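The residues making up each chain are set out below.
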Amino acid sequence: MSNDLPILELLPARLREARRAQGLSLDAVAKLSGVSRSMVSQIERGESSPTIATLWNLTRALQVDFAGLLDAQAGDKVDVLRASDVPRFDNMGHRCLIRILSPPEDVGGHEVYDITFEAGGSLKSAPHTRGATEQLTVLSGTVTVTSGTAEQDLAEGDTARYAADVGHAIEATEPARVFLIVKNA
């Protein structure tokens, strides 16, 4: 026996949560969607079932994914990227393997990397967008981080935050592994 609730039982709460997450009043949603305030209220209370056209107008006004709103499991899932499926690059630096942990839609915004260096490995980067920063945590080994003219040696467990809108580099004299977060402004 399934514990799944029918879509029409989930819909009122999902719409109400989406409206509140946007900080919108019933009146604001009515104006944005073209659906009357009373109809929006009735739908949120589960007193009326919307047509597909009404639902489409509401989801567009609330800037929520139509399919995700109807997915009975939308809030109860864990997206997993198996180690064997993680995108990898071994030609971006010298003697290092870069694993991209962030989802593709985060490129250019908030990127997360797992980087493994062989002894003598390095990753030298040109300046990123103005205001970009990086946060690096050493998981094992030691590395030297350079940002512009500043340089810092880091050991296992150390974390460095530095400007990435200038030339910057990570260099390892011994095998090392780091966790890197890139935040573009």
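Bear in mind that the values here come from a model prediction, so they are computed numbers and not experimental data. (Residues numbered from 1 in each chain as written. Predicted model: local features only at pLDDT ≥ 70, side-chain atom pairs only at ≥ 80, totals over all residues. Heavy atoms only, no water.)

**A short note on empty space enclosed by the protein**
Let me state the cut-off plainly: Only protein atoms enter the 1 Å grid used here, on which a cavity is any set of points holding a 1.4 Å probe that cannot leave and a pocket is any open set flanked by protein within 12 Å on both sides along at least five of seven lines; residues with an atom within 4 Å of a point are listed as lining. Grid points are joined across faces, edges and corners, and a volume is the space filled by probe spheres set on the points. Numbered from the N terminus, helices here are DSSP runs of H or I no shorter than four residues, and strands are runs of E no shorter than two. Gly counts as polar in this scheme, as do all residues outside two lists: the nonpolar Ala, Val, Leu, Ile, Met, Phe, Trp, Tyr, Cys and Pro, and the charged Asp, Glu, Lys and Arg.
In the structure shown here, the tally under the stated rule is 1 cavity of 30 Å³ or more. There is about 40 Å³ of room inside the largest cavity. Leu 15, Val 29, Val 40, Ile 43, Glu 44, Leu 58 and Leu 62 are the residues that line the largest cavity. For the lining of the largest cavity, the secondary-structure elements that each account for two or more residues are helix H3 (37-44) and helix H4 (52-62). By residue number, the principal contributor to the lining of the largest cavity is H3, which donates 3 residues. Grouping the amino acids of the lining of the largest cavity by side-chain chemistry returns 6 nonpolar, no polar and 1 charged.

**Let's talk about unusual backbone geometry**
Among all residues except glycine, the phi angle is most often negative; among peptide bonds, the trans geometry is most common. Within the chain, Gln 63 stands out as a residue other than glycine whose phi angle is a positive 55 degrees. Position of Gln 63 relative to the elements: it lies in the loop between H4 and helix H5 (66-70). Of note in this structure, Arg 95 is not a glycine but carries a positive phi near 55 degrees. Here Arg 95 lies in strand E2 (residues 94-100).

**What to know about the layout of surface pockets**
The space that makes up the largest pocket amounts to roughly 320 Å³. Residue lining of the largest pocket: 18 residues in total, with Met 92, Tyr 113, Leu 123, Ser 125 and His 128 positioned closest to the centre. Secondary-structure elements contributing two or more residues to the lining of the largest pocket are E2, strand E3 (110-125), strand E8 (168-171) and strand E9 (176-183). Examining the composition of the lining of the largest pocket, we find that 6 residues originate from one element, E3, more than from any other. Class assignment of the residues belonging to the lining of the largest pocket gives a composition of 11 nonpolar, 4 polar and 3 charged.

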